[in-house]
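As a plain string of letters, each chain reads:
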Amino acid sequence: MNTMKRLFYTYIRQAADEVSLTEAESMRMRSTLRSYMDMHPIHVPLRARPTPSWYDIFAHPALAFVAVCAILGSSAGVSYAAESSLPGDVLYPLKVAINEPVRGALAVTPRAKADWAIQVAGERAKEAATLAAEKRLDDTTQDSLEASLVAHAKIATESIVQQTSEDPAQGAALASRFEARISEYERVITAIDPDASEHPRIATVLRSEREKVALARASAEHSSDESDDETVRLGVAVQADLASSNSAAVRAVRAFSRETAAGIAERIEIASSTIASAQSMATSDAPLARGKLRKALQDSEKIRTFVDASAAIHDRTGLTISQPAKSASRSDKTSRSGKKAVESDTAIMMQASTLATSMAEVSTSSTSTDASTTEPAWSDEHADEDTDEHGREDRLLPIPTPEL
């Protein structure tokens, strides 16, 4: 019986293997199945695909690197553009609420914190000078600028005092630079409209802060080391600072008239000669040498501040910074001052000579310029141009070069 069953099932399987649908029958079967599926769909709830989070992205190093590059690439240009913005500009909040605080957070040492605060306080003063040249320095803006300037000047002074306790010489240098910068911005803001019955209030604020910094400087100088090594170190620092001022003047030369350009070159040479004189007496009269070097440091900072303010005003307004008519004759003194910087063996003297040469290339010889000249001139190449790259007519803004 069992044998019969096995034979029967075997026969059935063999028969089934031999049975197959024709091609037409297969197509009709597939069509019937598709029609049934369309009329009776199966509804299965779909799970929502989760949105990738920042954590998911930064969990993968490769994705994190791409994301960071994209963020930095898109924001770097905007951040840089914000650096030249003024109160009232669209990008100004980015400058004061992001750029400056980020740099401040990265300044962890007293010296770095002082450098940062000095830069920000100076930036508020430069903004005030530029707005004054634009006739846009209203009371509300002054209030905001004054508050920021005073707050950062306080941070700078406190950091200078802290640095003085660690390194009196560095503290004295920081205080000298800050004092000179504030003093020069005060002078520039006042000179923008010398005939005004009432100068911007921020000039008074600058004067007050300058007096505070002067006390910190005097204390730091009194505590500083009087060794020969300190004199050498101070000389190196002053040379580097004047070299920086020289480079800034060359870059900003288009902002100046011939007389002003010649005046800046002259003042670079004066500061250079002071450094050379100090270095020559470093061993014979170290105290007097240090005094000369400190004077040269302040002179260099005044030159740099004047250049920065002038460049900012010119870039924003198209105004050409010129010597007042009564001071234009000072350019004659430049030609009589000789080649002291060139004759010196120090590197900084060569820097001063380079600036004088650059000024001569940009402007024609200042000795041939009449003291009453009021027309700005850059060079023969630009002599016939009466508008700048923005289509604005060049106008003069008389501000005397720094008195050293």
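Computed from a prediction, not measured in an experiment: that's the story for all the values here. (Residues numbered from 1 in each chain as written. Predicted model: local features only at pLDDT ≥ 70, side-chain atom pairs only at ≥ 80, totals over all residues. Heavy atoms only, no water.)

1. A few points about the overall build of the chain
Then, in step 1: When helices and strands are tallied, the chain shows 15 helices and 2 strands.
Then, in step 2: Looking at the chain as a whole, 43% of its 404 residues qualify as buried.
Then, in step 3: In the chain, the proportion of contacts linking residues at least 24 apart, taken out of those at least 6 apart, comes to 77%. (Helix = DSSP H or I, 4+ residues; strand = E, 2+ residues; numbered from the N terminus. Buried < 20%, exposed > 50% of the residue type's maximum accessible area, 1.4 Å probe, protein only. Contact = heavy atoms within 4.5 Å.)

2. Examining helix α7 (residues 139–166)
Then, in step 1: Compared with the 40 Å implied by 1.5 Å per residue over 28 residues, the 40 Å span of α7 between its first and last C-alpha is a close match.
Then, in step 2: Its side-chain oxygen placed 3.3 Å from the backbone nitrogen of Thr140, Asp138 serves as the N-cap of α7. (Expected span 1.5 Å × (residues − 1). Polar contact = N/O pair within 3.5 Å; in protein donor to acceptor, adjacent residues only side chain to side chain.)

3. Thoughts on the confidence of the model for the chain
Then, in step 1: When pLDDT is averaged along the chain, the result is 76; 63% of the residues meet or exceed 70.
Then, in step 2: Mean pLDDT in the chain bottoms out at helix α14 (residues 340–343), which sits at 38, and peaks at helix α6 (residues 110–133), which reaches 96.
Then, in step 3: Here residues 70–74 is modelled with pLDDT under 50, and outside its nearest four sequence neighbours on either side it reaches 1 contact, counting other chains as well. (pLDDT = per-residue confidence, 0-100.)

4. A look at the nonpolar core
Then, in step 1: If you look at the biggest cluster of nonpolar residues, it comprises 64 residues, and the most contacted ones within it are Phe178, Ile192, Phe256, Ile264, Val307, Leu397 and Ile399.
Then, in step 2: Where this core is concerned, the elements lending two or more residues are α6, α7, α8 (168–192), α9 (201–223), α10 (228–251), α11 (258–280), α12 (286–317) and β1 (319–322).
Then, in step 3: Considering each element in turn, this core owes the most residues, 12 residues, to α6. (Core = buried A, V, L, I, M, F, W, Y, C linked by side-chain atoms within 4.5 Å.)

5. Observations regarding the pattern of salt bridges
Then, in step 1: For the structure on display, the rule yields 25 salt bridges.
Then, in step 2: Of the charged contacts in the structure, one is a salt bridge between Arg207 and Glu186, with a shortest N-O distance of 3.0 Å. With Arg207 in helix α9 and Glu186 in helix α8, this pair connects stretches of sequence that are 21 residues apart.
Then, in step 3: Residue Glu186 is classed as buried on the basis of its relative accessible area of 9%. (Salt bridge = Lys/Arg side-chain N within 4 Å of Asp/Glu carboxyl O.)

6. Let's talk about α8
Then, in step 1: Taking 1.5 Å of rise per residue, the 25 residues of α8 would be expected to cover 36 Å, and the 36 Å separating its terminal C-alpha atoms lies within 8% of that figure.
Then, in step 2: Burial analysis of α8 places 21 of its 25 residues in the buried class, which makes it a mostly covered element.

7. Some points on the side chain of Ser159
Then, in step 1: Looking at the secondary structure, you find Ser159 in helix α7.
Then, in step 2: Note on Ser159: relative accessible area 6%, which makes it buried.
Then, in step 3: Residues contacting Ser159, with those up to four places away along its chain left out, are Pro110, Lys113 and Ala114.

8. Observations regarding empty space enclosed by the protein
Then, in step 1: Applying the stated rule across the entire model yields 3 cavities of 30 Å³ or more.
Then, in step 2: The space that makes up the largest cavity amounts to roughly 60 Å³.
Then, in step 3: Among the elements of the structure, α8, α10 and α12 are those that each provide at least two residues to the lining of the largest cavity.
Then, in step 4: Considering every element that reaches the lining of the largest cavity, the biggest residue donor is α8, with 3 residues.
Then, in step 5: Counted by class, the lining of the largest cavity contains 5 nonpolar, 1 polar and 2 charged residues. (1 Å grid on protein atoms, 1.4 Å probe; cavity = no way out; pocket = protein on both sides within 12 Å on 5 of 7 lines; lining within 4 Å. Points joined across faces, edges and corners; volume = space filled by probe spheres on them. Nonpolar A, V, L, I, M, F, W, Y, C, P; charged D, E, K, R; others polar.)

9. Some remarks on the pairing of β1
Then, in step 1: Where burial is concerned, the two faces of β1 agree: the one with Leu319 and Ile321 and the one with Thr320 and Ser322 are both buried.
Then, in step 2: Bridging between β1 and strand β2 (residues 395–398) involves 4 bridges; their strand directions are parallel. Considered in β2, the bridge of Leu319 is made with Arg395. (Pairing = 2+ DSSP bridges.)

10. Some words on unusual backbone geometry
Then, in step 1: Residue Lys135 is not a glycine yet carries a positive backbone phi of 65°.
Then, in step 2: Within the secondary structure layout, Lys135 lies in the loop between α6 and α7.

11. Here's the deal with the packing of aromatic side chains
Then, in step 1: A complete count under the given rule lists 1 aromatic pair for this structure.
Then, in step 2: On the numbers, 6.1 Å between centres and 10° between planes, the contact of Phe256 with Phe306 is stacked. Note that Phe256 is positioned in the loop between α10 and α11 and Phe306 in helix α12, a separation of 50 residues in sequence.
Then, in step 3: Between the NZ or CZ atom of Lys113 and the centre of the ring of Trp116, over which it lies, the distance is 5.3 Å. (Phe/Tyr/Trp six-rings, centres within 6.5 Å; stacked < 30°, edge-to-face > 60°. Lys NZ or Arg CZ within 6 Å of the ring centre and 35° of its normal.)

12. Topic: the packing of helix α5 (residues 92–106) against α6
Packed helix pairs are characterised by how far apart their axes lie and by the angle those axes make with each other.
Then, in step 1: Close contact between α5 and α6 brings their axes to 10 Å; oriented N to C, the two are set at 160°. Relative to α6, the element α5 is oriented roughly antiparallel. For the element pair α5 and α6, the recorded crossing hand is right-handed. Side by side, α5 and α6 meet where Tyr92, Lys95, Val96, Glu100, Arg103 and Gly104 of the first sit next to Lys113, Trp116, Gln119, Val120, Glu123, Arg124 and Glu127 of the second.
Then, in step 2: For the contact of α5 with α6, the residue count by class is 4 nonpolar, 2 polar and 7 charged. (Axes fitted to C-alpha atoms, helices over the stretch in contact; angles between N-to-C directions. Parallel < 35°, antiparallel > 145°, perpendicular 65-115°, else oblique. Left-handed = near helix turned anticlockwise from the far one by under 90°.)

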